[in-house]
Amino acid sequence: MGKDVIIACDFDSAEKTFAFLDKFTGKKPFVKIGMELYYAEGPSIVKEIKKRGHKIFLDLKLHDIPNTVKKSMAVLSRLDVDMTNLHAAGTKRMMEAAIEGLTRPDGTRPMLIAVTQLTSTDQESMENDLLIHEPIDKVVMHYAHNAMESGLDGVVCSPLEAGKVHDTCGKSFVTVTPGVRFADGDIGDQKRVMTPAEAKKIGSDYIVVGRPITAAADPVAAYERCVAEFCE
Ligand code: C5P
């Protein structure tokens, strides 16, 4: 599994996104398009970034009845992204339907990864709001295992969980980990964070980095620092 740094392009317009990407002359970082940018600009933003030669993780976190997810994934697979995702809470039947929808007539498909429990959910909110009374670590591993059994390629998880996910689901089951900060940086609203070097050590396959790169005085240097710490 090739390790890579994915930049979370959390912008609300194509204009801001391209002003940011234009700084990367000669480089084509792996880019994450989330709900904010997708809802602002629609599928054209995916096509335009793809045309510029970037790999794309389309982070739309689908969660609906299996038939709706299957048909939506079929539409998304035509955008030719490299990675997309859904909520494992939608059940195994929904995840299997997603794989079916995402698979193109020639048998190829983007990587499909699952969100287990959002890192914004803690034990207390899971118990009180969702009435799930198992320890959150056990819930995360159970959802990861369900994703694997449904044929998915991996999960989004906290870097702190990446090692355990690999122990439970195998080394080739991909871990995509946000919540990354430089040792000397601001942690902002992320609670449980790791540096790129620590994420590498613990076995993350991809790190998703937003503000430490997008809000840096020199975003290209910040990206290169991530790559040097995580990939090399
Ligand atoms: O700016 P920052 O590095 O915190 O951005 C992290 C990115 O990862 C954001 O796009 C955020 O939505 C996403 N993310 C996260 N935690 C998750 C899933 C996704 O921070 N559990």
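Look above for the structure.
Here goes a summary of the coordinates provided. What you are looking at is a predicted structure, and each value in this text was computed from that prediction instead of being measured.

1. Looking at the layout of surface pockets
To locate leftover empty space, one rolls a probe as large as a water molecule over the atoms. Reported here for the largest pocket is a volume of approximately 1,100 Å³. Considering the residues around the largest pocket, the lining is formed by 40 residues, among which Thr-119, Ser-120, Pro-178, Gly-179 and Gln-190 are closest to the centre. Residues belonging to the lining of the largest pocket are distributed by class as follows: 15 nonpolar, 12 polar and 13 charged.

2. Things to note about helix 3 (residues 43-51)
Listed in full, the buried residues belonging to helix 3 are Ile-45, Val-46 and Ile-49. The buried residues of helix 3 occupy an angular sector of 100° when the element is viewed end-on, so they sit on one face. Among the exposed residues of helix 3, those oriented more than 90 degrees off its buried face are Lys-47 and Lys-51. On the buried face of helix 3, the contacting elements are helix 1 (14-21), strand 2 (30-34), helix 2 (35-41) and strand 3 (56-62). Looking at the residues trailing helix 3, positive phi occurs at Gly-53, about 95°.

3. A few points about the site of the ligand
Every residue lining the ligand is accounted for by Ala-8, Asp-10, Lys-32, Thr-119, Pro-178, Arg-181, Gln-190, Val-208, Val-209, Gly-210, Arg-211 and Pro-212. For the ligand, an oxygen atom lies 2.7 Å from a polar atom in the side chain of Arg-211. A total of 470 Å² of accessible area belongs to the ligand in isolation, and the protein chains cover 84% of it. More than half of the atoms belonging to the ligand lie within 2 Å of the grid points that define the largest pocket. If you list the elements that add at least two residues to the shell around the ligand, you get strand 8 (206-209) and helix 10 (211-214).

4. Points about the packing of helix 4 (residues 66-77) against helix 5 (residues 92-102)
Interaxial distance between helix 4 and helix 5 falls to 7 Å at its minimum, and their mutual angle equals 30°. Overall, the two elements helix 4 and helix 5 adopt an arrangement that is roughly parallel. Note on packing geometry: the crossing formed by helix 4 with helix 5 is right-handed. Of helix 5, the residues touching helix 4 (which contributes Pro-66, Val-69, Lys-70, Met-73, Ala-74 and Ser-77) are Arg-93, Met-94, Ala-97, Ala-98, Glu-100, Gly-101 and Leu-102. Of the residues contributing to the contact of helix 4 with helix 5, the split by class is eight nonpolar, two polar and three charged.

5. A closer look at the pattern of salt bridges
A complete count under the given rule lists 13 salt bridges for this structure. A salt bridge links Glu-224 to Lys-27; the nearest nitrogen and oxygen atoms lie 2.8 Å apart. Residue Glu-224 is found in helix 11 (residues 219-230), and its partner Lys-27 is found in the loop between helix 1 and strand 2; the two are separated by 197 residues along the sequence. Judged by its relative accessible area of 28%, Lys-27 is partly exposed. For Asp-59, the salt bridge identified is with Lys-32, shortest N-O distance 2.6 Å. Residue Asp-59 is found in strand 3, and its partner Lys-32 is found in strand 2; the two are separated by 27 residues along the sequence. Just as Asp-59 is buried, Lys-32 falls in that class too.

Rules behind the numbers
Residues numbered from 1 in each chain as written. Predicted model: local features only at pLDDT ≥ 70, side-chain atom pairs only at ≥ 80, totals over all residues. Heavy atoms only, no water. 1 Å grid on protein atoms, 1.4 Å probe; cavity = no way out; pocket = protein on both sides within 12 Å on 5 of 7 lines; lining within 4 Å. Points joined across faces, edges and corners; volume = space filled by probe spheres on them. Nonpolar A, V, L, I, M, F, W, Y, C, P; charged D, E, K, R; others polar. Buried < 20%, exposed > 50% of the residue type's maximum accessible area, 1.4 Å probe, protein only. Helix = DSSP H or I, 4+ residues; strand = E, 2+ residues; numbered from the N terminus. Arc of directions from axis to C-beta. Contact = heavy atoms within 4.5 Å. Near = heavy atom within 4 Å. Polar contact = N/O pair within 3.5 Å; in protein donor to acceptor, adjacent residues only side chain to side chain. Areas by Shrake-Rupley, 256 points an atom, 1.4 Å probe, with all protein chains shown as cover. Sits in = over half its atoms within 2 Å of the grid points. Axes fitted to C-alpha atoms, helices over the stretch in contact; angles between N-to-C directions. Parallel < 35°, antiparallel > 145°, perpendicular 65-115°, else oblique. Left-handed = near helix turned anticlockwise from the far one by under 90°. Salt bridge = Lys/Arg side-chain N within 4 Å of Asp/Glu carboxyl O.

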